[in-house]
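For reference, the chains in residue letters:
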Amino acid sequence: MPKQIVCRLAVLVAAVLAIAPVALAQTSNASIVGTVTDPSSAAVPGVAITVTNQGTNVSREVSTAGDGSYRVYPLNPGTYQVKASTTGFKTKIQPAVTLEVAAVLKVDFQLEVGAVTESIEVVSTAPIMQTQEASVGGVISTSQLERIPVNGRNYTQLIVLMP
């Protein structure tokens, strides 16, 4: 190979390797994490966790680990229903869990002893504060974006709006 082609190839490889970590850091995927316990606050392993996107009706199922923890990743932003079920316990459902872009949302379950045919639906909102990850981020809604005077519509100026 001529020396000029080898030099260009080396520069190209170096550029790709330099950009790769930055490209991997940018994600829109979110995840749901949590712990499943019994009435005595002991971990319950092997619980089937089903996460269903309410917009597309696509479901993902995982099982809790030995310490009762679970993680469902990657998930697209949207509204989800999270269900925890196992034999000997009542099924619990957390409806309308809203995932924002790149969020890590904690959804814990405390299962009650009972027949498998019984189901409990928990109606509450997810916490706003995210303690599962040290990243800083935020979501600006369309209505906020339309009201903000952004010079030239440069999206990088929106960073100053985040706390």
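Structural notes, computed from the coordinates. Note that the structure is predicted; figures quoted are calculated from it, not measured.

The subject of this paragraph is the side chain of threonine 50. Position of threonine 50 among the secondary structure elements: in strand E2 (residues 48–53). For threonine 50, a relative accessible area of 13% puts it in the buried group. Ignoring any residue separated from it by four or fewer positions in sequence, one finds threonine 50 in contact with Ser59, Arg60, Glu61, Gln81, Val82 and Lys83.

Below, the discussion takes up the environment of glutamate 112. By secondary structure assignment, the location of glutamate 112 is in the loop between strand E8 (109–110) and strand E9 (119–121). For the pair formed by glutamate 112 and threonine 91, sequence separation is 21 residues and the distance between their alpha carbons is 8.3 Å.

Before going further, it helps to spend a moment on unusual backbone geometry. Working note: non-glycine residues mostly have negative phi, and peptide bonds are mostly trans. With an omega of -10 degrees, the peptide bond running from tyrosine 73 to proline 74 counts as cis. By secondary structure assignment, the location of proline 74 is in strand E4 (residues 69–75). Despite not being glycine, serine 41 shows a phi value in the positive range, around 65 degrees. Positionally, serine 41 belongs in the loop between strand E1 (30–37) and E2. Serine 41 gets classed as exposed once you look at its relative accessible area, which sits at 54%. Notably, alanine 96 is not glycine yet its phi reads approximately 55 degrees, a positive angle. With respect to the element layout, alanine 96 can be found in strand E6 (residues 91–99).

Attention now moves to the environment of valine 97. The residue valine 97 is located in strand E6 in this model. Judged by its relative accessible area of 3%, valine 97 is buried.

A few words on the pattern of salt bridges. For the structure on display, the rule yields two salt bridges. Lysine 106 is the salt-bridge partner of aspartate 108, the closest N and O atoms lying 3.5 Å from each other.

Calculation notes
- Residues numbered from 1 in each chain as written.
- Predicted model: local features only at pLDDT ≥ 70, side-chain atom pairs only at ≥ 80, totals over all residues.
- Heavy atoms only, no water.
- Helix = DSSP H or I, 4+ residues; strand = E, 2+ residues; numbered from the N terminus.
- Buried < 20%, exposed > 50% of the residue type's maximum accessible area, 1.4 Å probe, protein only.
- Contact = heavy atoms within 4.5 Å.
- Salt bridge = Lys/Arg side-chain N within 4 Å of Asp/Glu carboxyl O.

Interpretation in functional terms is not warranted from these geometric data alone.
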